[in-house]
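Summary of the model geometry
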Amino acid sequence: MLKHKIAGLLAVLILLISATGCTNIRFTTGTGKNRFAVCGNYSISVQAADILISERKYSYEDLFNNEIWSRSVGDMTMEEYLLSDIKTLAGNVIYLNMMAEDMQINLTGDEEERISEYAEDYAEDSGFDKADVEELLQMLLIAEKSFYAMTEDVDTEVSTDEARTISVQYMFFAVNDDVTDRMAENKASEALQKIEDGTDFLTLAEEQSDDSIHSMEFYKGIYDKDFETAAYKLETGQVSSVVETKYGYYIIKCINDNIESDTAKRKSEIVLKRREELFADKFRQLAEKKDILFNEKYLKKIDIGSMSANFFLTLENISITISFRRNFIIRSDFKWQQNMEIFQ
């Protein structure tokens, strides 16, 4: 079965967008009325574009609710942003299929059969035509196979320490206009003394911390370096000393110094990032030489607001080759979610 496969295919390609970002775009009325994007002998249909837009619309609304469409990203409306996202994705799918031809990469009979089975179920559930769904899935899978073929030499060894995911409780004492550095440090020191005297850590954090969140799981490279360094030195059950950061002071308690299941997932993510880096230059060289032609008439008349929002995971998908997780697609959007200040 194709379980979670489609989201994985889209997720890998969406990650590639940020890794490459070099699709050459030209608008034209000469692509043919049923073609959304064209490059040489390769193209993506307007029906396939409708499917991609429907999926992305769902994921945007799933993360940010329906109010997202009243906001903007820089000088672009959210609808313009989504279409830009789809254009780049479509261009990258075409480029990867062109690379597949050079590398003589094709789908196996088994893969084609299972795509056909899934396309039939998805078409019935979503209202899209089976042939359109099938065409898109075939191009997505070929694109993914190209990506992995071109990065087969990547180093897949990742140490447990590099990928280790930990769980902590913490309390934070902020430095701001009303609280000087010395005042915040004194408050942290007093709290640490109470912990050493036997006060429950989480209870004290709820009472005294300047952060409303007191627990989290994380991996290396996403939080303040001083906080992260102190947290990763702790073993399960240990409490740090007062930790100074540029934001204020922390006290950290390690709840689990290695969440094994999450660490295994993180190893996969690190390998994928290495693949992206290895792949980026080869991909960029092709993208700089080949223009993608987009259907201007289609782009002008499309009404995203009236389109249904469907997500490939509404059905039970099957795994064709490599198993992917839904959080890949969330992770690619989460980078964008962390930059919500760009919304006006």
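Residues numbered from 1 in each chain as written. Predicted model: local features only at pLDDT ≥ 70, side-chain atom pairs only at ≥ 80, totals over all residues. Heavy atoms only, no water.

**So, the pattern of salt bridges**
Any two side chains of opposite charge can pair, given that their charged atoms come close. Under the definition given, this model contains 12 salt bridges. The salt bridge involving D85 is made with R56; its shortest N-O contact spans 3.3 Å. One end of the pair, D85, is in helix α3 (residues 78–102); the other, R56, is in helix α2 (residues 46–64), with 29 residues separating them in the sequence. Measuring nitrogen to oxygen at the nearest pair gives 2.9 Å for the salt bridge that ties D161 to K220. Note that D161 is positioned in helix α6 (residues 160–163) and K220 in the loop between β7 (215–219) and α9 (225–232), a separation of 59 residues in sequence. Beyond isolated ion pairs, a larger network of salt bridges with shared partners links E55, R56 and D85. (Salt bridge = Lys/Arg side-chain N within 4 Å of Asp/Glu carboxyl O. Helix = DSSP H or I, 4+ residues; strand = E, 2+ residues; numbered from the N terminus.)

**Considering a negative patch on the surface**
Together, E113, E117, E120, D121, E124 and D125 make up a region of like negative charge exposed at the surface. Note on placement: D121 falls in helix α4 (residues 109–126). (Patch = residues over 30% accessible without salt bridge, like charges linked within 9 Å, V, L, I, M, F, W, Y side chains within 5 Å. Areas by Shrake-Rupley, 256 points an atom, 1.4 Å probe, with all protein chains shown as cover. Lys, Arg positive; Asp, Glu negative; His and termini not counted. Charge placed at Lys NZ, Arg CZ, Asp CG, Glu CD.)

**Quick notes on the nonpolar core**
One finds F36, I44, I53, I94 and Y298 to be the most contacted residues of the largest nonpolar core, which totals 55 residues. Apart from the residues lying within four places of it in its own chain, the contact partners of I53 are L82, L83, I86, Y298, I302, I304 and M307. In terms of nonpolar packing, the next biggest core, distinct from the first, is built from 16 residues, I166, Y170, F227 and Y232 among them. (Core = buried A, V, L, I, M, F, W, Y, C linked by side-chain atoms within 4.5 Å. Buried < 20%, exposed > 50% of the residue type's maximum accessible area, 1.4 Å probe, protein only. Contact = heavy atoms within 4.5 Å.)

**Remarks on the sheet that holds strand β6 (residues 165–174)**
Across the sheet, 4 strands lie side by side as β7-β6-β9-β8; this open sheet has antiparallel pairing. One side of each edge strand has no neighbouring strand; the edge strands of this open sheet are β7 and β8 (243–244). The sheet contact formed by β8 and strand β9 (residues 248–256) spans 2 bridges and is antiparallel. Bridge pairing links V243 to Y250 in β9. Against the sheet, helix α7 (residues 181–196) contacts β6, β8 and β9, and its axis sits at roughly 30 degrees relative to β9. (Pairing = 2+ DSSP bridges. Axes fitted to C-alpha atoms, helices over the stretch in contact; angles between N-to-C directions.)

**Quick look at the packing of α2 against helix α5 (residues 130–150)**
One way to put it is that α2 packs onto α5 with a least axis distance of 9 Å and a crossing angle of 75 degrees. Considering the angle they form, α2 stands roughly perpendicular to α5. Facing α2, whose interface residues are Q47, A48, I51 and L52, α5 presents D132, V133 and L136. Classifying every residue of the contact of α2 with α5 gives 5 nonpolar, 1 polar and 1 charged. (Parallel < 35°, antiparallel > 145°, perpendicular 65-115°, else oblique. Nonpolar A, V, L, I, M, F, W, Y, C, P; charged D, E, K, R; others polar.)

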